[in-house]
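# What the coordinates show
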Amino acid sequence: MDSALWPIGVKRCHISKFLMGLSIAGVVLLWGVVGLILCWVKGLNQTHMNDYYGFALWIWADLAVIALGGGAFFTGLLRYIFGIRELKNIINYAVLIGFICYSSALLILAIDVGQPLRSWFIFWHANVHSMLTEVAFCLSCYFGVLTIEYIPLILENRQLNKVPFAHHLAHNMHHIMAVFAATGAFLSFFHQGSLGGVAGVLFGRPFAYREHILIWPYTFFLFTWSAAAYGPCFTLLITWLTEKISGKQLVKENVKQLLAKISGWMIFTYIIAKIADTVYWALVTAPSKGFTLMDFYSNNPIYGIWILIVEIGVCGVVPAWILVTPRLRANPKTRLIAIILGVIGVCLNRWVMVLQVMAVPVLSFDTWAMYYPSWQEVATTILPVAYGVILILISYRYLPIFPQEVELNPIEPSPSETVEAMNDAAAEDAMVSNGEPATA
Amino acid sequence: MKHVDSKAKKYGMVIDLDKCTGCGTCMVACMAENNVPFKKDETDKRLSITWMRVFKLTNGKPYPDNEICYLPRPCQHCEGQHTGHSPCVSVCPATATDYDSETGIVSQIYTRCFGCRYCMGACPYHARYFNWWDPVWPGEMEKYLNPDVSPRMRGVVEKCSFCYHRAQLAMEKAHVEGRKELKEKEYQTACTQACPAGAIVFGDLNNPEHEVHQVAQPDPHHHGRPKNPNAFRLLERLGTNTKVYYLSSREWVRRAGDNYLDSEGSASHE
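The model shown is predicted, which means the values in this text are computed figures rather than measured ones.

Turning to the overall build of chain B, a few remarks are in order. A tally of regular secondary structure across chain B gives 6 helices and 12 strands. For 270 residues, the compact-globule formula gives about 18 Å, and the C-alpha radius of gyration of chain B, at 19 Å, lands near that figure. If you line up chain B on its principal axes, its C-alpha atoms span 55 × 50 × 40 Å. Excluding contacts between residues fewer than 6 apart, the proportion of contacts in chain B whose partners are at least 24 apart in sequence is 58%.

In structure tokens:
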């Protein structure tokens, strides 16, 4: 029924199955929208946050999705700036995942503020000393970059691409994509970093506070590093999930292994830096404020030392070891374990740097603060997941996300597709002969 | 007429914990003075707005050695390690909280705050409160609100202002009378005046004639650290450089004001 919209040379499931998938995600999305409306209409009393837990599930979700979406800027950097050509086969998906992650983060932030209609004050009355100001500026700008990176993909829809303007726009945007990739990497460096700085500058919170290099606490660099390291894990995880659901191989093994290898070495170096940071914090920074390491990990029902061991050891050292070892990296099962652990690891790190910061008592006569989210918080946090599923479903069905899909899943093209493909090739030839470059 | 600028003030407070009985009058006076909203159900104290909050401290020893101490905690009006680098002021993305270098008071601009709550996360004293609900005043109570203090709407952060509206009124009066300087008793916070035990004194920490200066003896070479051996500030080691000083003759109370490693002695409750 909608096959005329599919990319040329690919097969998609029946429309009813597609609509069924959309409906299921749509119901979840609707649930989230109910929570969102309640929060906007009735206020943040719909949450289980309180004056000890001013930052909670939403801020964690923000930090986590932005870290996971880091695959977009880092893969873009590798592809367009470092010129690693194999990654062109996964960059589209990395951009789409990044777009979903960043739009989700902005949506969550819009729910999370007490006076949403005043959100623009952060730009208008900007305090340049605040890490959150830097986050707001860089996040908004980078979302613009991701939109620009996503647009040519939309324009490459089989029918849209027949419109000469759309065709040429997409074509030319591809050629200047290196500029946007570089801009994206620059912006990402700062907003990933400033998200780390949000916790690291809190000199009133010894659990979060870190020493500085110039004006940037160590967490600034660790957050950027970890997003670049673990972001590709998320891209690979979602690619694996898409392949499982679609029942097709969409990206060649060598591409996955290459990205996994880069991710592995990034995690390896990151985790060394993280361990060094933790040791310095535990032995120098915290004691200078009157705290021992175990003050942060005892006398409460959840936050034991296990959380540090899981974050650094199980979800840091282990995936790094697997992904830098060629034999283990080549094995799809161990590779999958590593990327899942990596994704959990970075999410856990963000959880600790938001929720545990709020939980640890600072005054000697105060007590640990515990928190669990309300259903409205859970629903609005799952909302972006449903939205992401919907966007992926639609994008996968109608856009040429995976350049290797046709080659990996050959089908007999229909006569109309053959004619279209021939026309497209002729148009490309004509452009080249007119002195215009061909699409990369 | 020659224009003479008045000297920069550093308004601060000294609370004598040996005198505090924990009666809570300061809390009540503060709420009434500053139109602090309350709810029907205030059982969850982490949702209660208490600009001035009285903590109960104990030395943790069993009877008969058990001792308690009540510690009133307003906003500490931190100065930080350089002027205005308070934990909260430095992080507010919309400049909705500010450090007044003329008075040393950390202000909160309710109409500019958009409710991100970063300042709350930054404050180790939990002196900042979020309006989770719109304020609702029972019966005719709206008629008894203080006209000098604006009530706050849902979705913004609020905190102790050292009754800054009183400073404004006092300065207006002084201006009318052709004075540049306020007398010590002209500007006093509601909690100071209400305390039946006289445990709270308030004034200009920069002025050697003011009682707060004489009692706390702030050392200007060490970010205001008190020279009085019985005086201490909460979480001195964090470098928040607060303007609220506490007095206690009891060692365990003074030590409870900060955190210490075992090698430095018990952090609290000796």
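With 25 residues, helix α4 (residues 88-112) of chain A should reach 36 Å at 1.5 Å per residue; the first-to-last C-alpha distance of 36 Å fits that figure. Among the 25 residues in α4 of chain A, 21 count as buried, and that is most of the element.

Each pair of packed helices can be summarised by the angle the axes make with each other and by the distance between the axes. Residue and element names in this part refer to chain A. Direction vectors running N to C along helix α2 (residues 57-68) and helix α14 (residues 375-398) enclose 15 degrees, while the axes themselves pass 10 Å from each other. Taken as axis vectors, α2 and α14 run roughly parallel relative to one another. Both α2 and α14 take part in a crossing whose hand is right-handed. In contact with L57, W58, A61 and V65 of α2, α14 contributes E377, T381 and P384. The residue inventory of the contact of α2 with α14, partitioned by class, reads 5 nonpolar, 1 polar and 1 charged.

On to the environment of W281 of chain A. Residues and elements named next belong to chain A. Examined against the element boundaries, W281 turns out to sit in helix α10 (residues 253-288). Between the alpha carbons of W281 and F207 there is a distance of 8.8 Å; along the sequence they are 74 residues apart. Excluding its chain neighbours within four sequence positions, the residues that come into contact with W281 are R210 and A286.

Looking now at the environment of M27 of chain B. Residues and elements named next belong to chain B. Mapping M27 onto the fold places it in helix α1 (residues 25-33). Along the backbone, M27 and P37 are 10 residues apart, and their C-alpha atoms lie at a distance of 12 Å. For M27, the residues in contact, after removing those within four places along its chain, are T50, M52, R53 and V54.

A separate point is the sheet that holds strand β11 (residues 231-232) of chain B. An order of β8-β1-β12-β11 (chain B) is seen for the 4 strands of this open sheet, with the pairing classed as mixed. Lying at the two open borders of the sheet, with one neighbouring strand each, are β8 (200-204) and β11 of chain B.

As a further point, take the interface of chain A and chain B. With 40 residues of chain A at the interface, the matching set in chain B holds 45 residues. If you tally residues by element for the side of chain A that touches chain B, the top one is helix α6 (residues 131-155) of chain A, at 4 residues. Counted by class, the side of chain A that touches chain B contains 20 nonpolar, 16 polar and 4 charged residues.

Another point: the confidence of the model for chain B. Residues and elements named next belong to chain B. Residue-level pLDDT values for chain B average 94, and 96% of them are 70 or greater. This model gives residues 266-270 a pLDDT under 50, and the stretch forms 21 contacts once residues within four places in sequence are excluded. This complex was scored by the predictor with a pTM of 0.93 and an ipTM of 0.93.

Here we come to the packing of α6 of chain A against helix α8 (residues 177-200) of chain A. Residues and elements named next belong to chain A. Close contact between α6 and α8 brings their axes to 8 Å; oriented N to C, the two are set at 150 degrees. Between α6 and α8, the angle is such that the two are roughly antiparallel. As for how α6 packs across α8, the hand of that crossing is left-handed. Two secondary-structure elements touch here, α6 through M131, L132, E134, V135, C138, L139, C141, Y142, V145, I148 and E149 and α8 through M177, F180, T183, G184, L187, S188, F190, H191, S194, L195, G197 and V198. When grouped by side-chain class, the residues that make up the contact of α6 with α8 number 15 nonpolar, 6 polar and 2 charged.

With that out of the way, let us pick up unusual backbone geometry. Omega for the peptide link from Y63 of chain B to P64 of chain B comes to 10 degrees, which places this bond in the cis form. Here P64 of chain B lies in the loop between β2 (53-58) and β3 (68-73). Positive phi values are uncommon outside glycine, yet L214 of chain A reaches one of about 55 degrees. The residue L214 of chain A is located in the loop between β1 (212-213) and β2 (216-217) in this model.

What follows covers α8 of chain A. Note: α-helices contain 3.6 residues per turn, so residues at a spacing of three or four share the same orientation. In this model, α8 of chain A (24 residues) spans 33 Å end to end at C-alpha, consistent with the 34 Å of a helix rising 1.5 Å per residue. Counting buried positions along α8 of chain A yields 17 of 24 residues, so the element is predominantly enclosed.

The rules behind these values
Residues numbered from 1 in each chain as written. Chains lettered and ligands numbered in written order. Predicted model: local features only at pLDDT ≥ 70, side-chain atom pairs only at ≥ 80, totals over all residues. Helix = DSSP H or I, 4+ residues; strand = E, 2+ residues; numbered from the N terminus. Rg over C-alpha atoms; globule rule 2.2 N^0.38 Å. Contact = placed C-beta atoms within 7 Å. Expected span 1.5 Å × (residues − 1). Buried ≥ 20, exposed ≤ 12 C-beta atoms within 10 Å, placed from the backbone. Axes fitted to C-alpha atoms, helices over the stretch in contact; angles between N-to-C directions. Parallel < 35°, antiparallel > 145°, perpendicular 65-115°, else oblique. Left-handed = near helix turned anticlockwise from the far one by under 90°. Nonpolar A, V, L, I, M, F, W, Y, C, P; charged D, E, K, R; others polar. Pairing = 2+ DSSP bridges. pLDDT = per-residue confidence, 0-100.

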